[in-house]
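As a plain string of letters, each chain reads:
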Amino acid sequence: MAELTTQIEEQGGITKIHINGYLSSDNSPALDEAFAQLGEAKKILLIFREDDMVASAGIAVLFDLCIGAMEKGQEVRIVQPAAHFRKVFKLVGAESGCAGVRR
Amino acid sequence: MTNDVDLYLPMIPDMELTASKTAEAVGDFMGLEHGKIQEIKVALIEACINAIEHSGEGRLGINFEMGDDELTIVISDQGQGFDISQVKKDIDARRERGEKMRGWGMMIIEEMMDRVTFDTGDHGTTITMTKRR
């Protein structure tokens, strides 16, 4: 199976999840595990790499997790997604979730 | 002048990545901008996943036609096909209900590419999509 890896980093009260690989529904357990480790984190940044690839079903999983976190009072932002990610987010009406935060 | 690359893939998970890697190699060969190659890869991944999920039999044929000014990709399967107008109605209905994800493959393909046509029926589905240089 194609790989998706995550790495969690704490910095100044912000929890960063570095995402690396192919985001699809099949490899979403890596994201599930990352979100399960967030605990009481208040501010969460999801950081993609320029060359990460995405399938729409993977974004569906991602946004389900983001919505779950936000319902628990956690603030989630997606940092500087590549243009192809941003286009997809805009198309599905989820662009506000990745607005305004830059590296 | 045109050059073609033909790829035939089994209908099994993750084959979309093989297609996308081929698209990257073809795009690099043509000297396309990196951002355009990324968009082509996203569109191709969606097209392949749709074929794998909704056709599920036979194999997937992908033809890359490298033109002087554009790249045309033809994705063909031998599945049962689908009603495009009904799919679009379903997507509109989901939007009206505020559902944000699932079933967006066709829309994403159209957004990422410059021209897209769908030919579908009992004989299978062919998606022809073009990206200008």
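Note that the structure is predicted; figures quoted are calculated from it, not measured.

**Notes on the interface of chain A and chain B**
Now for step 1: Between chain A and chain B, the residue contacts involve 20 residues of the former and 22 residues of the latter.
Now for step 2: Between chain A and chain B, a total of about 1,900 Å² is buried, with carbon and sulfur atoms accounting for 64% of that surface.
Now for step 3: At the surface where chain A touches chain B, the tally comes to 1 salt bridge.
Now for step 4: The shortest N-O distance in the salt bridge between Lys87(A) and Glu39(B) comes to 3.3 Å.
Now for step 5: If you look at where chain A meets chain B, you find 5 residue pairs in polar contact (both at pLDDT 80 or more).
Now for step 6: At the level of secondary structure, the elements contributing two or more residues to the side of chain A that touches chain B comprise strand S4 (53-54), helix H2 (56-71) and helix H3 (83-91) of chain A.
Now for step 7: Of the residues assigned to the side of chain A that touches chain B, the class counts are 12 nonpolar, 3 polar and 5 charged.

**Overview of the pattern of salt bridges**
Opposite charge on two side chains permits pairing when their charged atoms draw close.
Now for step 1: For the coordinates displayed, the defined rule picks out 7 salt bridges over all chains.
Now for step 2: Linking Asp114(B) and Arg132(B) is a salt bridge whose minimum nitrogen-to-oxygen distance equals 3.8 Å. With Asp114(B) in the loop between helix H4 (105-112) and strand S4 (115-121) and Arg132(B) in strand S5 (residues 124-132), this residue pair connects regions lying 18 residues apart in the sequence.
Now for step 3: Given the relative accessible area of 35%, Asp114(B) is considered partly exposed.
Now for step 4: Judged by relative accessible area, Arg132(B) falls into the partly exposed class, the value being 43%.
Now for step 5: One network of salt bridges, with partners in common, ties together Lys87(A), Glu39(B) and Lys131(B).

**What about helix H1 (residues 29-36) of chain A?**
All names here are of chain A.
Now for step 1: Inspection of H1 places Ala30, Leu31, Ala34 and Phe35 among the buried residues, and these make up the whole buried set. Buried residues of H1 fall within an arc of 130 degrees about the axis and therefore sit on the same side. Exposed side of H1, more than 90 degrees from the buried face: Glu33 and Ala36 are the residues found there.
Now for step 2: Where H1 is buried, its residues contact strand S1 (4-11), strand S2 (14-23), strand S3 (43-47) and H2.

**Section: the pairing of S2(A)**
Residue and element names in this part refer to chain A.
Now for step 1: Where S1 and S2 come together, 8 bridges link them in antiparallel fashion. The residue bridging Leu4 from the neighbouring strand is Gly21, located in S2.
Now for step 2: Here S1 hands over to S2 after 2 residues, with Gly12 in that stretch at a positive phi of 55 degrees.
Now for step 3: Tracing the backbone out of S2, into H1 and back to the parallel element S3 gives a crossover that is right-handed.
Now for step 4: Where S2 meets S4, 2 bridges bridge the pair, whose relative direction is parallel. Residue pairing for S4: Leu23 is matched across the bridge by Val54.

**Structural notes on the sheet that holds strand S2 (residues 59-66) of chain B**
Residues and elements named next belong to chain B.
Now for step 1: Taken in spatial order, the 5 strands of this open sheet run S1-S2-S3-S5-S4, and their pairing is antiparallel. Each end of this open sheet is capped by a strand with a single partner; those strands are strand S1 (3-10) and S4. Pairwise comparison of adjacent strand axes, ignoring direction, gives a mean angle of 10 degrees for this sheet.
Now for step 2: By the bridge criterion, 8 bridges tie strand S3 (residues 70-77) to S5 in an arrangement that is antiparallel. When the bridges of S5 are listed, Leu71 appears paired with Lys131.

**A closer look at the packing of H1(A) against H2(A)**
The axes of two packed helices give the description: the angle between them and the distance between them.
All names here are of chain A.
Now for step 1: At their nearest, the axes of H1 and H2 sit 10 Å apart, and the two run at 15 degrees to each other. Considered as vectors, H1 and H2 are oriented roughly parallel to each other. H1 and H2 meet at a crossing whose hand is right-handed. Along its contact with H1, which presents Leu31, Asp32 and Phe35, the element H2 presents Leu62, Leu65, Cys66 and Ala69.
Now for step 2: For the contact of H1 with H2, a count of residues per class yields 6 nonpolar, no polar and 1 charged.

Criteria and thresholds
Positions within a chain are numbered from 1, following the residues in the order the chain's sequence is written. The lettering of chains begins at A and the numbering of ligands begins at 1, in the order of writing. Owing to the predicted nature of the model, reporting of local features is limited to residues with pLDDT of at least 70; listing and counting of side-chain atom pairs is limited to 80 or more, with chain, interface and lining totals taken over all residues. No hydrogens and no water enter the side-chain calculation; it runs on all heavy atoms of the structure. Residues count as neighbours in contact if any of their non-hydrogen atoms are within 4.5 Å of one another. Accessible-area loss on putting two parts together, using a 1.4 Å probe and summing over both, is the definition of buried area adopted here. Any Lys or Arg side-chain nitrogen found within 4 Å of a carboxyl oxygen on Asp or Glu counts as a salt bridge. The term polar contact refers here to a pair of N or O atoms within 3.5 Å; inside protein, the definition further demands a hydrogen-donor-capable atom paired with an acceptor-capable atom, and it admits residues adjacent in sequence only when both atoms are side-chain atoms. Helix and strand labels come from DSSP, where a helix needs a run of H or I of at least four residues and a strand needs a run of E of at least two; each type is numbered from the N terminus. In this classification, the charged set is Asp, Glu, Lys and Arg, the nonpolar set is Ala, Val, Leu, Ile, Met, Phe, Trp, Tyr, Cys and Pro, and all remaining amino acids, among them Gly, are polar. Throughout, exposure labels follow a simple rule: accessible area from a 1.4 Å probe, protein chains only, divided by the maximum for the residue type, with under 20% read as buried, over 50% as exposed, and the rest as partly exposed. Arc definition: it is the arc formed by the directions from the helix axis to the C-beta atoms. Any two strands are treated as partners once DSSP identifies two or more bridges connecting them. The handedness of a crossover follows from its direction of travel: if, with the strands pointing away from the viewer, the path from the first strand over the helix to the second runs clockwise, the crossover is right-handed. Each axis is a line fitted through C-alpha atoms, and for a helix only the stretch in contact is used; angles between axes span 0 to 180 degrees, taken between their N-to-C directions. For classification purposes, angles smaller than 35 degrees are called roughly parallel, those larger than 145 roughly antiparallel, those between 65 and 115 roughly perpendicular, and all remaining angles oblique. Two helices crossing with the near one rotated counterclockwise from the far one by less than a right angle form a left-handed crossing, whereas a clockwise rotation gives a right-handed crossing.

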